[in-house]
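Spelled out, the chains give:
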Amino acid sequence: MTAAGIARLAGVGRAAVSNWRRRHADFPKPVGGTETSPSFALADVEQWLRAQGKLAEVPLKERVWQQVAGHPAGAATALVHAGCALLLVRDRTAGWLELTAVSDERMAELLPQALELTLSHRLGLPRAVLTPTEDQLAPSVPLLRSVAELAAETGTRQAFEFLLGRHLDANPRQYTLTPPGPAALMAALALPAPAGSGSTSTGRTVLDPAAGTGALLRAVEQPTALYAQEAEPDLAALTALRLALHTDAEVHAVVGDSLRADTHAHVAADAVLCHPPFNERNWGHDELAYDPRWEYGFPARTESELAWVQHALARLRPGGTAVLLMPPAAASRRSGRRIRADLLRRGALRAVVALPAGAAPPYGIPLHLWVLRKPAPGVTPSPELLLVDVAEHTEQGRDRFDWQAVHTAVLAAWTPFDRHGTVPERPGASRSVPVIELLDDDVDLAPARHLPPPAAGGGAAELAGVRDRLTAELRRTGELTPPVAEPAPTAHAGPARLPGVTVGELARTGALQLHAGGTGTGTARVLTEHDVLSGQAPSGSLPEGPGEDPVLVGAGDVVVPVLGGGTVARVVDEATAGAALGRNLQLLRPDPAALDPWFLAGFLRGTANQRQASSYASTATRLDVRRLQLPRLPLAEQRKYGERFRALAEFEQALRQTSRLGEQLVQGMYDGLTDGTITA
């Protein structure tokens, strides 16, 4: 296991592990890796942590993950072997139990035949998952026994989702992930829920020609068959196993580049979902010039996304729907205007939806959804295009929007448009635009260019209300301004040096508990790093589906960001209690009989305290919470400090609210004066 794995086990930052290695001569020696990234034996680390009082027990999930991460053939290969075994456990439980009753060597010898039967039955041929050989499986047998134990505890699908999620989190730059929010929205646009009315599809066969991790196909409700193709072999195998464990529908997942070597050319799908690679110059422009898929025009070398659009249309049955996640430039680049024009003239492009920035990678730009329908003989499509912009449902920053509100707003516009071919206009939000208006020299389909903005700030009446709230908040801020305190009796002699104790020492004695955030799945709200820094309510969301149990915050907990070097500590109130702890946050849960939470948070915010507990890398500052110090004071004395710190926090929050209202009033006035909704 790596230093990062040790940090996760102990619930600390990586800087703390580095300090342990320097300060403790008995810290386990590396058994592999490199000088800059050493690896350690799990058993040795576990024994050392227990001896130091930093660990009670390694959970089964963590132990299995460390086996995956330390596999000699790599984590991806270990996950493929684990997924194959889990599929066997689920579909042929009795056969698995027979296999586990023999020695490891005999089990490796018998497994290939059992896995071949299961994989052939579940995934058919051709398939992305090759049956591992005896030699390949030999080092994996202990892992497979542990994975089966984990499956007995959590379920086969849940066990694989947990391990795959850990692998994806550990390699964020290697994979482009489609978050659950946009995936669910794309699936709902392409195929309404089976029990609903108004669906234009009679079947539920779905294709993703650039499947990635399979997130889009997992979002489809009650599919009959799922077809996936992915160019990267390991990822294609993992996706195949993920889908096979997730659904009982037919799964046909293969390896290959869909544009250059389309294995699913025979498929006439009811729906196509796709998050294609963006800005690809080497997509096959030279060798595919005469490909029959370019029904709407041969894409320029710089228009790889329009090649994927036409590929999706070519793989639909007549009347089928495709939804693609697209970069905003694809709606307006001049090199693609002829193809966009032909898509409009023939009624193939039905809607363009502008998502908030941060909805999906790349997170810095507001991506679009294109909804397309393959023309059917004898069906005349509506001569209008639906344009939707849901930017109103977001605040600045990643994870700062309500996906349920986005989902509802988009479907509220799409469903009646799909049924009637037109929809009433909602200023700034949605509009069905006659195609003839869009067929100009640019054929610019960006929704923001065609949707008139709503009245600024709700109009003059709303701005007056903002002004009244600002006035009241300014008055309250003045009342909360802390009085000038008397200097301490020893101020002339320099700062008082009270006897101190570190957070790490308090944790070892049980005066407080430490928890790291950032893992788990479920339905809880998430208190994000941004929320803590800005003093706002929990705004994030956990991924859908099974996985680790998240750390839930409670009233009186203290939450501290560990990145960035800022002096912030937040005491959780009743309104925030129950939210999950987000990434890059550390939770301190004090024993109320030993520590006052406001006293704790106040001293943690001291600039000198934070500086001495911080370490510096080339691009970031990281806080080792265990090194932060508190003075040793009786509880009654702590509470006196705590009351002062609580008053300062209330004043700080009032200042934030005043700033927000002031910015809202100023921008609303600018907008109202410039668009004519208020007069000078």
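This is a predicted model, so every value here is computed, not measured. (Residues numbered from 1 in each chain as written. Predicted model: local features only at pLDDT ≥ 70, side-chain atom pairs only at ≥ 80, totals over all residues. Heavy atoms only, no water.)

Participant: Would you take a moment to explain empty space enclosed by the protein for this structure?
Facilitator: Regions of empty space are outlined by a rolling probe, equal in size to a water molecule, passed over the atoms. Taken as a whole, this structure holds three cavities of 30 Å³ or more when the rule is applied. Space inside the largest cavity adds up to approximately 50 Å³. Considering the residues around the largest cavity, the lining is formed by 11 residues, among which Val12, Gly13, Gln586, Asp624 and Val625 are closest to the centre. Grouping the amino acids of the lining of the largest cavity by side-chain chemistry returns five nonpolar, three polar and three charged. (1 Å grid on protein atoms, 1.4 Å probe; cavity = no way out; pocket = protein on both sides within 12 Å on 5 of 7 lines; lining within 4 Å. Points joined across faces, edges and corners; volume = space filled by probe spheres on them. Nonpolar A, V, L, I, M, F, W, Y, C, P; charged D, E, K, R; others polar.)

Participant: Looking at this model, I keep getting lost on the packing of aromatic side chains. Mind explaining?
Facilitator: Aromatic ring pairs are reported here in terms of the distance separating the ring centres and the angle at which the planes meet. Summed over the entire model, instances satisfying the criterion amount to 11 aromatic pairs. With centroids separated by 5.8 Å and ring planes inclined at 85 degrees, the aromatic side chains of Phe27 and Phe40 adopt a geometry described as edge-to-face. One end of the pair, Phe27, is in the loop between helix 2 (14-23) and strand 1 (32-33); the other, Phe40, is in the loop between strand 2 (38-39) and helix 3 (42-51), and 13 residues separate them in sequence. With a relative accessible area of 4%, Phe27 lands in the buried category. Aromatic side chains Trp414 and Phe417 sit 6.1 Å apart centroid to centroid with 40 degrees between the ring planes, which places their arrangement in the tilted category. In this pair, Trp414 and Phe417 are both assigned in helix 16 (residues 403-420), three residues apart and thus about one turn of the helix distant. Accessibility assignment for this pair places Trp414 and Phe417 in one class, buried. (Phe/Tyr/Trp six-rings, centres within 6.5 Å; stacked < 30°, edge-to-face > 60°. Helix = DSSP H or I, 4+ residues; strand = E, 2+ residues; numbered from the N terminus. Buried < 20%, exposed > 50% of the residue type's maximum accessible area, 1.4 Å probe, protein only.)

Participant: What's the story with the side chain of Asn19 in this structure? I'm lost.
Facilitator: Relative to the elements of secondary structure, Asn19 occurs in helix 2. For Asn19, a relative accessible area of 10% puts it in the buried group. Those residues in contact with Asn19, other than ones at most four positions away along the chain, are Asp624 and Arg627. (Contact = heavy atoms within 4.5 Å.)

Participant: Help me out: how do you make sense of the packing of helix 1 (residues 3-10) against helix 3 in this one?
Facilitator: The description of two helices packed together rests on the angle between their axes and the distance between the axes. Contact geometry of helix 1 with helix 3 gives a least axis separation of 11 Å together with a crossing angle of 40 degrees. Comparing the axis directions of helix 1 and helix 3 gives the class oblique. For the pair helix 1 and helix 3, the crossing hand works out as right-handed. Contacts from Ile6, Leu9 and Ala10 in helix 1 reach Leu42, Val45 and Leu49 in helix 3. The residue inventory of the contact of helix 1 with helix 3, partitioned by class, reads six nonpolar, no polar and no charged. (Axes fitted to C-alpha atoms, helices over the stretch in contact; angles between N-to-C directions. Parallel < 35°, antiparallel > 145°, perpendicular 65-115°, else oblique. Left-handed = near helix turned anticlockwise from the far one by under 90°.)

Participant: Explanation requested: the sheet that holds strand 14 (residues 525-527) in the structure shown.
Facilitator: Strand pairing in a sheet takes place through backbone hydrogen bonds and is either antiparallel or parallel in direction. Read across the sheet, three strands follow the order 15-14-18 without closing on themselves; strand pairing throughout is mixed. Unpaired on one side and paired on the other, strand 15 (540-541) and strand 18 (580-581) mark the two borders of the sheet. Bridging between strand 14 and strand 15 involves two bridges; their strand directions are antiparallel. In the sheet register, Val526 faces strand 15, and the bridge partner there is Gly540. (Pairing = 2+ DSSP bridges.)

Participant: Sorry if this is basic, but what is going on with the pattern of salt bridges here?
Facilitator: Pairs can form between side chains of opposite charge once their charged atoms are near each other. Inspection of the entire model under this criterion finds 28 salt bridges. A salt bridge links Arg90 to Asp91, with the nearest nitrogen and oxygen atoms 2.9 Å apart. Since its relative accessible area comes to 34%, Asp91 is described here as partly exposed. (Salt bridge = Lys/Arg side-chain N within 4 Å of Asp/Glu carboxyl O.)

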